Amino acid sequence: MPASGAYDTRPMPDTPDDPVDATLLAGRAAAVLRGYSLQDLPRVKLAGALPGTEMAVEFRFGSAETGVAVETHLEGKVVLICQRCLQSVEVPVISDSMLAVLGTDAAANELPEDREPVVADATRLDLRWLAEEEVLLALPLVPMHDAACAPAEVETDAAGDEAPPEGERRHRPFENLRDLLNKH
């Protein structure tokens, strides 16, 4: 039986998103495509995302003066709850970023203004984590449908208060307070 080499005994990664060696990929000027769904993005799920959320991300690696440069292009949709009608809304997410993978925060001061710092080990860069960061940054603060889902108008009386249903009189405990104060 032939002797097994290191490659034969090396465990296969559980997912294709296990950390990559970004320095090696930068040396090759490589591009990596990844697809993610909601179960791949736990922090996006914690931010309120629902099933149906999916992303496609392209990572382009290159070399820069500061080390490894990564350009990301993210496209997909995040399903959230509309804050107007409380129904699900598909929020399209498109994001392009130019990143620089740095070993420490101190190196961030030397970056060109068009690059965002990512403090991580370039030899073990977690692409799923990086994609999740980009998705979280691209999410709207208040997810909403367009104006078509605005809540139904509520009828108001002359004072601007919500009008009571027909046939009912609104109970106003302080209605006569002004009259009582003016008498004294």
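Residues numbered from 1 in each chain as written. Predicted model: local features only at pLDDT ≥ 70, side-chain atom pairs only at ≥ 80, totals over all residues. Heavy atoms only, no water.

## Description of the overall build of the chain
- Helix and strand counts for the chain stand at 5 helices and 5 strands.
- Along the chain direction, N to C, the helices and strands of the chain fall in the order α-α-β-α-β-β-β-β-α-α.
- Of all 184 residues assigned to the chain, the portion counted as buried reaches 28%.
- About 12,900 Å² of surface is accessible on the chain, with carbon and sulfur atoms providing 52% of the total. (Helix = DSSP H or I, 4+ residues; strand = E, 2+ residues; numbered from the N terminus. Buried < 20%, exposed > 50% of the residue type's maximum accessible area, 1.4 Å probe, protein only. Areas by Shrake-Rupley, 256 points an atom, 1.4 Å probe, with all protein chains shown as cover.)

## Some points on the side chain of Thr 72
- Within the secondary structure, Thr 72 sits in strand S3 (residues 67–81).
- For Thr 72, a relative accessible area of 4% corresponds to the buried category.
- Setting aside its immediate chain neighbours within four residues, Thr 72 contacts Glu 58, Phe 59, Ser 95, Asp 96, Ser 97, Leu 99 and Glu 134. (Contact = heavy atoms within 4.5 Å.)

## Some remarks on the pairing of strand S2 (residues 50–64)
- Inspection of the sheet shows strand S1 (residues 31–37) paired to S2 by 7 bridges, in the antiparallel sense. Directly across from Leu 33, in S2, lies its bridge partner Glu 58.
- Sheet topology places S2 next to S3; 12 bridges connect them, and they run antiparallel. Looking across to S3, one finds that Ala 56 is bridged to Glu 75.
- Here S2 hands over to S3 after 2 residues, the two strands then running antiparallel side by side. (Pairing = 2+ DSSP bridges.)

## Focus: the sheet that holds strand S4 (residues 88–102)
- Pairing is mixed in the open sheet, where 5 strands are placed in the order S1-S2-S3-S4-S5. In the strand order of this sheet, the two ends are held by S1 and strand S5 (116–119), each with one partner. Taken over all neighbouring pairs, the strand axes of this sheet differ in orientation by 30° on average, direction set aside. (Axes fitted to C-alpha atoms, helices over the stretch in contact; angles between N-to-C directions.)

## Quick look at the environment of Ala 120
- Of note, Ala 120 is situated in the loop between S5 and helix H4 (127–138).
- Classification of Ala 120 as partly exposed rests on a relative accessible area of 22%.
- It is 9.7 Å that separates the C-alpha atoms of Ala 120 and Ala 100, two residues lying 20 residues apart in sequence.
- In contact with Ala 120, other than residues within four places in its own chain, are Val 101, Leu 102, Gly 103 and Leu 125.

## Remarks on the pattern of salt bridges
- Counted according to the given criterion, the structure contains 6 salt bridges.
- Close ionic contact of Arg 43 with Glu 133 constitutes a salt bridge, the shortest N to O distance being 2.5 Å. Here Arg 43 is found in helix H3 (residues 42–46), whereas its partner Glu 133 is found in helix H4, with 90 residues between them in sequence.
- With a relative accessible area of 29%, Arg 43 lands in the partly exposed category.
- For Arg 128, the salt bridge goes to Glu 132, with nearest N and O atoms at 3.2 Å. Separated by 4 residues within a single helix, Arg 128 and Glu 132 lie in helix H4, roughly one turn from each other.
- Residue Arg 128 is classed as partly exposed on the basis of its relative accessible area, which comes to 25%. (Salt bridge = Lys/Arg side-chain N within 4 Å of Asp/Glu carboxyl O.)

Any functional reading would require information that these geometric values do not contain.
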